[in-house]
Amino acid sequence: MSGHLIQKIVIDPAVEETPLVRRILAEKGNLPVESRAWTSTDWADIPLHLGKRILYVTGRPGGLVKPCPATNPPYLCCRYITIHAMTQCPFDCTYCVLQGYLERPVITLFADPKPIFKEIDALRRAKPGRFFRFGTGELADSLALDDMTGLSEDYLRFFRNRRNALIELKTKSVRIENLPDPAPRNAVISWSVNPQSVIAREELRAPSLADRLDAAKRCRDAGYLIGFHFDPVLLMEDGEARYREVVRQIFSRIDPGRIAWISLGSLRFPAEYRKIMQKRFPHARILDGEMIRGLDGKMRYLRPLRVEMYRKIYGWIRDAAPDVFVYFCMESPAVWNAVTGGHPESNAELDFRFARSLWERFGREIRMDEPRRDAYRAS
Ligand code: SF4
């Protein structure tokens, strides 16, 4: 039970009678519960390391389904759609951009998924020719508190009959108990991965690599499609051997035929977050490498260094899994070219390639129509 991650629950009285709150109260164990509506002044003085131990459940009428805010040209974006059902995370990664991005230090969960479901349907209906990938893991970890919230079940049940859509639950956790078994057809459960030495040093309170891969294997055995995110890839001594070992461990447990996609992304963060990271984690090694400010204002490793490490990881993945869809998160066309020999012409083209790969590999299983390029260009 995720009680070790959370120390207190605060419930806004306005949502006390919702099914989600009833479920949390039934699963909370010995955790103390407070009933009150919080405002920004109430949490203004809560330091982040304590806020990450508090789960605040409240309401919000809408505006929680948005295109991924990840990047601007020239960096390519896959046009992922993010669902902000929860914000903030009980894990504490030294490199996490949420440290600077989110105003609230407490984990905030919006109790009623219905407005979110309405927004998802509106988006799907407005563009029936597109296949949408949605995910709850952009401003939170999709499963870290799932044994208490049971949110995954609500979302997977909702998506089960949605035709031109799929949901990805992205996590570093092993809280997969509530995932339906057998799996619904249009769900991908994905894990962020890094060498165990990085997990131990930089991903505080998050499960080990071996535990994540065991959870992935159990999901795969239940019929789920699986994803992996090498993100952020960090430069380090012996990095080549360590990342090679991660790739080896993945493919020793999971057959490539059930892996929907793998992403690669190097460490990046808005320049102004450096001070926050240094202050919160003075001993962290992530800021040691030489970085430059990109055209989107984010700090990144120098391009030749990114290309060198991507080439290796990409090559090992391709050796083990020639057909798996591999993409770069927030990378430039020049980097795509240098690593893969080509690049999508636009965000729409990358989105289309995603859909095409899903259709070719799993189209019948996830009941997907053949994607047409013009439907992606037009939207
Ligand atoms: S698991 Fe993800 S969201 Fe949570 S602290 Fe780490 S990087 Fe941030």
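Treat the numbers as computed from the prediction; the structure is a model and nothing was measured.

## Points about the overall build of the protein chain
Step number 1: Per the secondary structure count, the protein chain includes 15 helices and 18 strands.
Step number 2: Against the globule reference of 21 Å for 379 residues, the protein chain gives a C-alpha radius of gyration of 20 Å, in line with a compact fold.
Step number 3: Along the first, second and third principal axes, the C-alpha set of the protein chain runs to 55 × 50 × 40 Å.
Step number 4: The buried share of the protein chain, taken over its 379 residues, is 41%.
Step number 5: Pairs at least 24 residues apart make up 78% of the contacts formed inside the protein chain by residues separated by at least 6 positions.

## Section: the sheet that holds strand β15 (residues 268-270)
Step number 1: Taken together, three strands build an open sheet; the order of strands is β15-β17-β16 and the sheet is antiparallel. This sheet does not close on itself; its edge strands, each paired only once, are β15 and β16 (291-293). For this sheet the average axis-to-axis angle between neighbouring strands, irrespective of direction, equals 30°.

## Description of the environment of V106
Step number 1: Mapped onto the secondary structure, V106 falls in the loop between α4 (98-101) and β8 (107-110).
Step number 2: For the pair V106 and P90, spaced 16 residues apart in the sequence, the C-alpha separation amounts to 9.1 Å.
Step number 3: In this view, V106 contacts W43, I46, G51, I54, Y56 and Q88; residues no more than four positions away in its chain are not counted.

## Here's the deal with unusual backbone geometry
Step number 1: In the segment running from D181 into P182, the intervening peptide bond is cis, with an omega of 5°.
Step number 2: Within the secondary structure, P182 sits in the loop between β10 (165-171) and β11 (187-192).
Step number 3: The omega angle of the peptide bond from D231 to P232 is 0°, so this bond is cis rather than trans.
Step number 4: Position of P232 among the secondary structure elements: in strand β13 (residues 225-233).
Step number 5: With a phi angle near 85°, Q88 is a residue other than glycine that sits in the positive phi range.
Step number 6: Inspection of the secondary structure puts Q88 in the loop between β6 (86-87) and β7 (92-93).
Step number 7: The class for Q88 is buried, based on 25 C-beta atoms found within 10 Å.
Step number 8: With a phi close to 50°, R367 is a non-glycine residue in the positive phi region.
Step number 9: Along the polypeptide, R367 turns up in the loop between α14 (347-362) and α15 (373-377).

## Comments concerning the site of the ligand
Step number 1: Near the ligand the following residues occur: C89, F91, D92, C93, C96, L98, D141, K172 and A206.
Step number 2: Along the lines of polarity and charge, the residues of the shell around the ligand split into six nonpolar, no polar and three charged.

## Section: the environment of R356
Step number 1: If you trace the backbone, R356 turns up in helix α14.
Step number 2: Judged by the 18 C-beta atoms lying within 10 Å of it, R356 is partly exposed.
Step number 3: Residues R356 and D369 lie 13 residues apart in sequence; the distance between their C-alpha atoms is 9.9 Å.

## Some points on the sheet that holds β6
Step number 1: The five strands lie next to each other as β2-β1-β3-β8-β6, forming an open sheet whose pairing is mixed. Of all strands in the sheet, those bounded by a partner on one side alone are β2 (33-35) and β6.
Step number 2: Where strand β3 (residues 54-58) meets β8, four bridges bridge the pair, whose relative direction is parallel. Across the sheet, T58 pairs through a bridge with F110, a residue of β8.

## What to know about the nonpolar core
Step number 1: Core analysis: the largest hydrophobic core is formed by 103 residues, its most contacted members being L55, I226 and I313.
Step number 2: Contacts of L55, omitting those with residues within four sequence positions, involve I6, I9, I107, L109 and L145.

## What to know about the pairing of β3
For a regular strand, side chains alternate in direction, first toward one face of the sheet and then toward the other.
Step number 1: The buried count for β3 comes to four of five residues, which makes it a mostly enclosed element.
Step number 2: Pairing analysis gives four bridges linking strand β1 (residues 8-11) to β3, with the strands arranged parallel. Paired with I9 across the two strands is L55, which belongs to β3.

## Side note on the packing of helix α9 (residues 209-221) against helix α10 (residues 239-253)
Step number 1: Contact geometry of α9 with α10 gives a least axis separation of 10 Å together with a crossing angle of 30°. Judged by the inter-axis angle, α9 sits roughly parallel to α10. With respect to the hand of their crossing, α9 and α10 are arranged in right-handed fashion. Contacts between α9 and α10 involve L209, L213, A216 and K217 on the former and, on the latter, V246, Q249, I250 and R253.
Step number 2: Taken together, the residues that form the contact of α9 with α10 break down as five nonpolar, one polar and two charged.

## Points about the pairing of β8
Step number 1: What you see with β8 is no split at all: I107 and L109 on one side and T108 and F110 on the other are buried throughout.
Step number 2: Both β6 and β8 contribute to a ladder of two bridges, which runs antiparallel. Note that in β8 the partner of M86 across the bridge is L109.

## As for α14
Step number 1: Taking 1.5 Å of rise per residue, the 16 residues of α14 would be expected to cover 22 Å, and the 22 Å separating its terminal C-alpha atoms lies within 8% of that figure.
Step number 2: Listed in full, the buried residues belonging to α14 are L350, D351, F352, F354, A355, L358 and R361.
Step number 3: In the core, the buried residues of α14 are packed alongside β9 (132-135), β14 (259-266), β18 (325-328) and α15.

## A closer look at the packing of α10 against helix α12 (residues 303-320)
Step number 1: α12 packs onto α10 with a crossing angle of 25° between their chain directions and a minimal axis gap of 10 Å. The pairing of α10 with α12 is recorded here as roughly parallel in orientation. Of the two possible hands of crossing, α10 and α12 adopt the one that is right-handed. For the pair α10 and α12, the contacting residues are G239, E240, Y243, R244, V247 and F251 in the first and M309, K312, I313, W316, I317 and A320 in the second.
Step number 2: Looking at the contact of α10 with α12 residue by residue, the classes come out as eight nonpolar, one polar and three charged.

Rules of the game
Residues numbered from 1 in each chain as written. Predicted model: local features only at pLDDT ≥ 70, side-chain atom pairs only at ≥ 80, totals over all residues. Helix = DSSP H or I, 4+ residues; strand = E, 2+ residues; numbered from the N terminus. Rg over C-alpha atoms; globule rule 2.2 N^0.38 Å. Buried ≥ 20, exposed ≤ 12 C-beta atoms within 10 Å, placed from the backbone. Contact = placed C-beta atoms within 7 Å. Pairing = 2+ DSSP bridges. Axes fitted to C-alpha atoms, helices over the stretch in contact; angles between N-to-C directions. Near = placed C-beta within 6 Å. Nonpolar A, V, L, I, M, F, W, Y, C, P; charged D, E, K, R; others polar. Core = buried A, V, L, I, M, F, W, Y, C linked by C-beta atoms within 7 Å. Parallel < 35°, antiparallel > 145°, perpendicular 65-115°, else oblique. Left-handed = near helix turned anticlockwise from the far one by under 90°. Expected span 1.5 Å × (residues − 1).

Remember that the coordinates give geometry; whether it matters functionally is a separate question.
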